[in-house]
Amino acid sequence: FAGRLFCRMMFASSQYFMRFGRCMLRAHSRRQHEKRSGWNTQLDEACKFWLRNVVTGRPREIPISLAQLPVAVSYSDGEGTGGVGIALWAPCGTIVGGRMVVPDEIRDIWSRAEATGDTYDIYELEAIGPALVLSNFGHLIRNMAWFHFIDNQCALSSLIKGSSSVLSADCITAYTSEQVSKLGLWAWYDRVDTKSNPVDGLSRGILSGEWLLQEISFLDDFLHRLRSYLGKV
């Protein structure tokens, strides 16, 4: 049953704008190959995601010409101590940037312990950047072509595929895809070399740049979703 539902919802996701929601289907794919039948938090959150979006989700669109759309460009970067820097070049000429340190409360939830006892979450710190751009500056780029550049290959792959084998990154990707759909963005993710990333210093606390520096905040409802998906409510 899980396999059938996974296949049907994978097809359904291709009929939505930018195929959002693919990531939340991994819970069904995993269950298809497990030897258990009990309910779990990942299945619960996956079903809630689709119940929330299956009717209201924006349908797939075929643009006549993307060249007619205004283009917005953004960059993000995460660094190991928890800093994340973002910047957006909007077509209206506005350039905005911001930096924040991800709260320890969130890092404690998504971090993975290494053999040394230290936590490791650079994957999540890099992957959260695009979602922070959308939650803080999304009102500037609604219904545009959006090019976002990131210098972490693993985070980039998750954003492009719309899924991740890491549960926390799966949740981040789902949140990002949902915001892309709501804002009507034609998103393109690509890699930028670390030395060419204009916000590489910003994530480390070097605030100078051509942007108008703004205070940015973490995602309003993401913490609750993350806790629920990882079973740490």
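Fair warning: this is a prediction, and the values are worked out from it, not measured in the lab.

Participant: How would you summarise helix α1 (residues 2–13) if you had to cite specific residues and measurements?
Facilitator: Across its twelve residues, α1 extends 16 Å between first and last C-alpha, which sits within 8% of the 16 Å expected from 1.5 Å per residue. All of the buried residues along α1 are Ala2, Gly3, Phe6, Met9, Ala12 and Ser13.

Participant: Before we move on, could you go through the nonpolar core and cite the residues and values that matter?
Facilitator: Judged by nonpolar contacts, the single largest core of 58 residues is most densely connected at Trp110, Ile128, Trp146, Phe218 and Phe222. A total of seven residues in this core trace back to one element, the largest contributor, which is helix α8 (residues 167–183). The contacts of Trp110, once residues within four sequence positions are left out, are Val102, Asp121, Glu124, Leu125, Ile128, Ser168, Ile172, Phe218, Phe222, Leu226 and Leu230. Counting residues in hydrophobic clusters, the runner-up holds nine residues, among them Tyr75, Ile95, Val192 and Val199.

Participant: Describe unusual backbone geometry, naming the residues involved and giving the relevant values.
Facilitator: Phi at Asn143 is positive, roughly 60°, even though this residue is not glycine. Tracing the chain through its elements places Asn143 in the loop between α6 (129–137) and β6 (145–150). Residue classification places Asn143 among the partly exposed residues on the basis of a relative accessible area of 40%.

Participant: Provide a residue-level description of the pairing of strand β1 (residues 71–78), including the pertinent values.
Facilitator: Burial runs high along β1: six of the eight residues are buried. One ladder, built from five bridges, connects β1 with β6; its direction is parallel. By the bridge assignment, Ser74 is partnered in β6 with His148. Relative to strand β2 (residues 83–89), β1 is paired through six bridges, and the arrangement is antiparallel. Among the inter-strand pairings, Tyr75 is bridged to a residue of β2, identified as Ala87. Where β1 folds back on β2, the antiparallel hairpin that results is connected by four residues, among which Gly82 adopts a positive phi of roughly 110°.

Participant: Tell me about the sheet that holds β1, residues and numbers included.
Facilitator: A sheet is described by the order of its strands in space; here six strands give the open sequence β7-β6-β1-β2-β3-β8, paired in mixed fashion. Each having just a single partner strand, β7 (186–191) and β8 (212–213) make up the two edges of the open sheet. Taken strand by strand, helix α7 (residues 153–161) contacts β6 and β7, and its axis lies near 155° from that of β7.

Participant: If you had to explain the packing of aromatic side chains to someone new, which residues and values would you point to?
Facilitator: Within a pair of aromatic rings, the relevant descriptors are the distance that separates the centres and the angle that separates the planes. For the structure on display, the rule yields nine aromatic pairs. Between the aromatic rings of Tyr75 and Trp89, the centroid separation amounts to 5.7 Å while the plane-to-plane angle is 80°, which identifies the pairing as edge-to-face. Of this pair, Tyr75 sits in strand β1 while Trp89 is found in strand β2, placing the two residues 14 residues apart along the sequence. Residue Tyr75 shares its accessibility class with Trp89, and that shared class is buried.

Participant: Break down α7 for me, citing the residues and quoting the values.
Facilitator: Of all the residues in α7, the buried ones are Ala155, Leu156, Ser158 and Leu159. Buried residues of α7, viewed axially, fall in a sector of 160°; they line one side. Exposed and facing more than 90 degrees away from the buried side of α7 are Cys154 and Ile160. The elements touched by buried residues of α7 are α5 (122–127), α6, β6, α8 and β7. Its side-chain oxygen placed 3.2 Å from the backbone nitrogen of Cys154, Asn152 serves as the N-cap of α7. One or two positions beyond α7, positive phi appears at Gly162, with a value near 80°.

Cut-off values and rules
Residues numbered from 1 in each chain as written. Predicted model: local features only at pLDDT ≥ 70, side-chain atom pairs only at ≥ 80, totals over all residues. Heavy atoms only, no water. Helix = DSSP H or I, 4+ residues; strand = E, 2+ residues; numbered from the N terminus. Expected span 1.5 Å × (residues − 1). Buried < 20%, exposed > 50% of the residue type's maximum accessible area, 1.4 Å probe, protein only. Core = buried A, V, L, I, M, F, W, Y, C linked by side-chain atoms within 4.5 Å. Contact = heavy atoms within 4.5 Å. Pairing = 2+ DSSP bridges. Axes fitted to C-alpha atoms, helices over the stretch in contact; angles between N-to-C directions. Phe/Tyr/Trp six-rings, centres within 6.5 Å; stacked < 30°, edge-to-face > 60°. Arc of directions from axis to C-beta. Polar contact = N/O pair within 3.5 Å; in protein donor to acceptor, adjacent residues only side chain to side chain.

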